[in-house]
Amino acid sequence: MSSNNLNNTEIRRQLRAVDQLNTSAMPQWRSALQRLFTDETITTNERAAALGVPSPNRRDLFRLGGASILGVALLAACGSDEDSKHSGTDVATTGATTGTPTTVAGEPNMDIVLARTAASLEKLAIDAYGIAAGLITTPAVLAAATMFAEHHQMHLDALNGVITGAGAAAITEMNQAVYDALVAPALATASTEADAVNIALSLEEAAAQTYAFASGTLSTPALRSTIMTIGGVEARHAAVLRMAALAQSPLDVFPGDRGFFPGDNPLAGIDGALITA
Amino acid sequence: MHITTRQLRRLAADVDDLHRNNMKTFKTEAADLHRDLYIARRSLADLDDQSIAGYAQSVELAAVAAYTAAAPLLTSATLPVAELFMSHHQQHADAFGAVAGMHAVTEPNAALIAAVSPALAALTDEIGALEFAFVLEGQAAYTYAAALTLLQDPAYAAATATILPIEAQHQVVLGLALGKDVTDVFPTGAFEAAALGDGSDPLKGLDPAVFAA
């Protein structure tokens, strides 16, 4: 049978069927793409989200399906505009937003001071968990403490990203003033697992409170959100320590039945706690 | 090059299969694309601080309504905790309402209530009720992390920052009460999520573009 011996009718029928599928879907697709790439109010991140591809600022998973494959190519052709206007729907779940801290006119750069102070508290927490681990005998509590120390390391890394991004030096040492005022005296008399957990609890609650305070002081929404993506997790740490490690009641997680986390500065009475240099 | 009719038919059939397989999801994906674009166009960025506060108030009132609906399924061991959480949400609603100005509301978020009503109606036991609340509390925390990216007035941000950790702690308490592993009470790991979604994703906050009146 030669190539000239074709059933043209059947081929045409099959091709028409394929074409009909394409024809029915394409207007919607074309319309959407036209809006996506001609509307200047839509950022690259939004385009990425709509196309199901990771945006330049997101750690995201590829959606499966034809649209995501096409989306990669379209987005690559589009480039990045780094628009921060709609950051509320695009902030990465890692929380490692790197907004550029600014200086309030007439004041020291409080953004950097607060970020460096927060980083020094994270380093203190890492070191404190390391010391406290020697007193923790319950495997489940030790596992939680280890995980929390890892969280604090990630927080430290994220904060140092903000700090170095603003041209300041990264924090590598713990907050010595807070250690001297709060941790060292407690460690000196600590002899049990409960003692160790209570030290950790104090640090976690102080850190969460520091971040709630900082969120009213930092100059940009991006920084305020970043600090609270960390502060919320510190509060979670505290709740776990109370319930799982100290066997407290769920109601004890909220002293005085409080419905609001304290937002005043817990470091106010500790000289040298703010890292200004 | 010679090709037989049978070979051509097979090739055409292969091409047709590829097209048909791709087209199975194409309509859905195009619809999703339209929906996502619609949401993106009506983003949080269009809202001012008072609007965001009003939206947050409506979400808190919806949480109160959800706990009220689930309460009959709870035992005496968990009911006091749920009642405390419900009182917290009422306090949060009052706090947001006080600064929402003309955007203050008196009713729970209708769209959110409509979205969660089927799940609430399907609850039959305490475990289910606690699981439902576990997800809702996480979404509330993430909603506030996202709101913080947009609130311009530091006073609004500071107030929101005193509420976010409470919602996060609610979720931890509920998770541990459910017997979840410690790892599971940190659903988004070492950082709270600040992403928004349509409510179907437990790891994203509640997007006002979807739920705002």
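Our subject is the structure that appears above.
Draft legend 1. Structural context of the overall build of chain A. Looking only at helices and strands, chain A features eight helices and zero strands. For chain A, the sequential pattern of α-helices and β-strands runs α-α-α-α-α-α-α-α. Burial status across chain A gives 48% buried among its 277 residues. Within chain A, contacts between residues at least 6 apart in sequence are counted, and of these 70% link residues at least 24 apart.

Draft legend 2. Local environment of the overall build of chain B. Scanning chain B for helices and strands turns up seven helices and two strands. Ordered by position in the sequence, the α and β elements of chain B form the string α-α-α-α-α-α-β-β-α. Here chain B holds 213 residues, and 52% of them are scored as buried. Residue pairs in contact within chain B that sit at least 24 positions apart in sequence constitute 77% of those at least 6 positions apart. If you sum the accessible surface of chain B, you get close to 8900 Å²; carbon and sulfur atoms cover 60% of it.

Draft legend 3. A look at helix H6 (residues 154-177) of chain B. All names here are of chain B. An ideal rise of 1.5 Å per residue puts 34 Å on 24 residues; H6 measures up with 35 Å between its terminal C-alpha atoms. By the criterion of burial, H6 is predominantly enclosed, with 19 of the 24 residues buried. Directly after H6, the chain includes Gly179, whose backbone phi takes a positive value near 80°.

Draft legend 4. Structural detail: unusual backbone geometry. For Ala247 of chain A, which is not glycine, the phi torsion reads 55° and is therefore positive. Assignment of secondary structure puts Ala247 of chain A in the segment after helix H8 (221-245).

Draft legend 5. Geometry of the nonpolar core. Counting 58 residues, the largest nonpolar core has Phe148 and Val240 of chain A together with Phe85 and Phe186 of chain B as the members making the most contacts within it. Discounting chain neighbours no more than four positions away, the residues touching Phe85 of chain B are Phe254 of chain A together with Tyr67, Glu137, His170, Val173 and Leu174 of chain B.

Draft legend 6. How the structure looks around the pattern of salt bridges. Across all of its chains, the model carries four salt bridges over all chains by this definition. The partner of Glu192 of chain B in a salt bridge is Arg236 of chain A, and the shortest N-O contact between them spans 2.6 Å. Within this pair, whereas Glu192 of chain B is found in the loop between H6 and strand S1 (196-197), its partner Arg236 of chain A is found in helix H8, the two belonging to separate chains. A single burial state applies to Glu192 of chain B and to Arg236 of chain A, both of which are buried.

Draft legend 7. Up close: the environment of Gly97 of chain B. All names here are of chain B. Note on placement: Gly97 falls in helix H3 (residues 79-99). Judged by relative accessible area, Gly97 falls into the buried class, the value being 17%. Distance from Gly97 to Ala56, taken between C-alpha atoms, is 8.4 Å for residues 41 residues apart in sequence. Not counting residues within four places of it along the chain, the set of residues in contact with Gly97 comprises Gln57 and Ala104.

Draft legend 8. Main features of the environment of Thr276 of chain A. Residue and element names in this part refer to chain A. Its place among the elements puts Thr276 in the segment after H8. Here Thr276 falls in the exposed class, since its relative accessible area comes to 63%. Along the primary structure Thr276 and Met110 are separated by 166 residues, whereas in three dimensions their C-alpha atoms are 8.5 Å apart.

Draft legend 9. Looking closely at the side chain of Ser215 of chain A. Its location among the elements puts Ser215 of chain A in the loop between helix H7 (193-214) and H8. Polar side-chain contacts of Ser215 of chain A include one of 2.6 Å to the backbone oxygen of Ala212 of chain A.

Draft legend 10. Geometry of the packing of aromatic side chains. Tallied over the full model, the rule gives five aromatic pairs over all chains. Between the aromatic rings of Phe148 of chain A and Phe186 of chain B, the centroid separation amounts to 5.5 Å while the plane-to-plane angle is 65°, which identifies the pairing as edge-to-face. Here the residue Phe148 of chain A occupies a position in helix H5 (residues 139-165), and Phe186 of chain B occupies one in the loop between H6 and S1, the pair thus bridging two chains. Under the relative-accessibility criterion, Phe148 of chain A is labelled buried at 0%. A relative accessible area of 4% places Phe186 of chain B in the buried class.

Criteria and thresholds
Residues numbered from 1 in each chain as written. Chains lettered and ligands numbered in written order. Predicted model: local features only at pLDDT ≥ 70, side-chain atom pairs only at ≥ 80, totals over all residues. Heavy atoms only, no water. Helix = DSSP H or I, 4+ residues; strand = E, 2+ residues; numbered from the N terminus. Buried < 20%, exposed > 50% of the residue type's maximum accessible area, 1.4 Å probe, protein only. Contact = heavy atoms within 4.5 Å. Areas by Shrake-Rupley, 256 points an atom, 1.4 Å probe, with all protein chains shown as cover. Expected span 1.5 Å × (residues − 1). Core = buried A, V, L, I, M, F, W, Y, C linked by side-chain atoms within 4.5 Å. Salt bridge = Lys/Arg side-chain N within 4 Å of Asp/Glu carboxyl O. Polar contact = N/O pair within 3.5 Å; in protein donor to acceptor, adjacent residues only side chain to side chain. Phe/Tyr/Trp six-rings, centres within 6.5 Å; stacked < 30°, edge-to-face > 60°.

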